[in-house]
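Overview (structure and organization)
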Amino acid sequence: MEKKLGFAEVIVSQIVILLLGVGALKFGVIEWQLWGRSPLAESMQALLAALLTYALIYLICLQGGRFAVNLLADVQKITVHFAHYGWAKIAVIALLAGVGEELLFRVALQGWLSSHVSAPLAILVPAVIFGLLHFLSWSYFIAATIMGLAFGVIYHLTQSVMLVIIWHAVYDLIALGVMIKYPQWLGLPPPEKKPFLS
């Protein structure tokens, strides 16, 4: 049986990614800004993007087919590690992933590459590395890479790191919340009920 990841291990891995991103920004010569033009508009766009992105993934999973079956098998692998997490833990993981991964992949890596290669390549390389970081199967890799491409294109167009951070964090909050709390919505077995006093 595969060892379950503890909350501390997940948090440490996300903090390492966050520190790598912050370190790259601190020691690299990368121009960046938190917001593009309008914080309120970009926050609303990020929330809408997260909802639409999750809806698209959800519909793909409901359609069936080999890609969806493989993706749902990966979701089950992930759910085992987080099965008894409460909303606070889910939110912390989603927030750290949104902040750390976007600082590292979009701002630091894509920002650095943008001054050395073409924009499409500067978007593609971090997206593929992002996909590899999330590799559980080819289906999950493809889905994560496409997400990385979407984050990269929007970051390139808006230059708003907060837009992609909020989008990523809210998407992860929704995705993890459904995987952990409501897997039956994806056609997966419901979570085990914890004893009342545990």
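This text gives an overview of the structure that appears in the document. (Residues numbered from 1 in each chain as written. Predicted model: local features only at pLDDT ≥ 70, side-chain atom pairs only at ≥ 80, totals over all residues. Heavy atoms only, no water.)

Mapped onto the secondary structure, Phe7 falls in helix H1 (residues 7-27). Considering only alpha carbons, one finds Phe7 and Phe82, 75 residues apart in sequence, at a separation of 8.0 Å. Excluding residues that lie within four positions of it along the chain, Phe7 makes contacts with Tyr85, Lys89, Val92 and Ile93. (Helix = DSSP H or I, 4+ residues; strand = E, 2+ residues; numbered from the N terminus. Contact = heavy atoms within 4.5 Å.)

In this section: the packing of aromatic side chains. The full count for this structure, using the stated rule, is 11 aromatic pairs. Here the aromatic residues Phe105, Phe130, Phe151 and Trp167 are joined through ring pairs into a cluster of three or more. Of note, Lys89 hangs over the ring of Tyr85, and the distance from its end group to the ring centre comes to 5.4 Å. Geometry around Phe130 places Arg106 over its ring, the cationic atom sitting 5.0 Å from the centre. (Phe/Tyr/Trp six-rings, centres within 6.5 Å; stacked < 30°, edge-to-face > 60°. Lys NZ or Arg CZ within 6 Å of the ring centre and 35° of its normal.)

On to the packing of helix H3 (residues 65-82) against helix H6 (residues 138-158). Remark: H3 packs on H6, axes separated minimally by 8 Å, with the N-to-C direction vectors making an angle of 90 degrees. Our classification of the angle between H3 and H6 gives roughly perpendicular. Counting all contacts with H3, which are made through Phe67, Asn70, Leu71, Asp74 and Ile78, the residues of H6 involved are Ser139, Tyr140, Ile142 and Ala143. (Axes fitted to C-alpha atoms, helices over the stretch in contact; angles between N-to-C directions. Parallel < 35°, antiparallel > 145°, perpendicular 65-115°, else oblique.)

A grouping of Phe67, Leu132, Phe135, Trp138, Ile142 and Ile146 is seen on the molecular surface, where their side chains present a nonpolar patch of about 600 Å² in accessible area. Sort the elements by how many residues they give to the nonpolar patch and H6 lands first, with 3 residues. (Patch = residues over 30% accessible without salt bridge, like charges linked within 9 Å, V, L, I, M, F, W, Y side chains within 5 Å. Areas by Shrake-Rupley, 256 points an atom, 1.4 Å probe, with all protein chains shown as cover. Salt bridge = Lys/Arg side-chain N within 4 Å of Asp/Glu carboxyl O.)

Below, the discussion takes up the nonpolar core. In this structure, Phe82, Ile93, Trp167, Tyr171, Leu176 and Leu186 are the most contacted members of the largest nonpolar core, which totals 47 residues. Secondary structure elements with two or more residues in this core: H1, helix H2 (39-63), H3, helix H4 (87-114), H6 and helix H7 (161-181). In terms of residue count, the dominant contributor to this core is H7 (12 residues). When near neighbours in sequence (up to four residues on either side) are disregarded, Tyr171 contacts Ala50, Thr53, Tyr54, Ile57 and Met147. (Core = buried A, V, L, I, M, F, W, Y, C linked by side-chain atoms within 4.5 Å. Buried < 20%, exposed > 50% of the residue type's maximum accessible area, 1.4 Å probe, protein only.)

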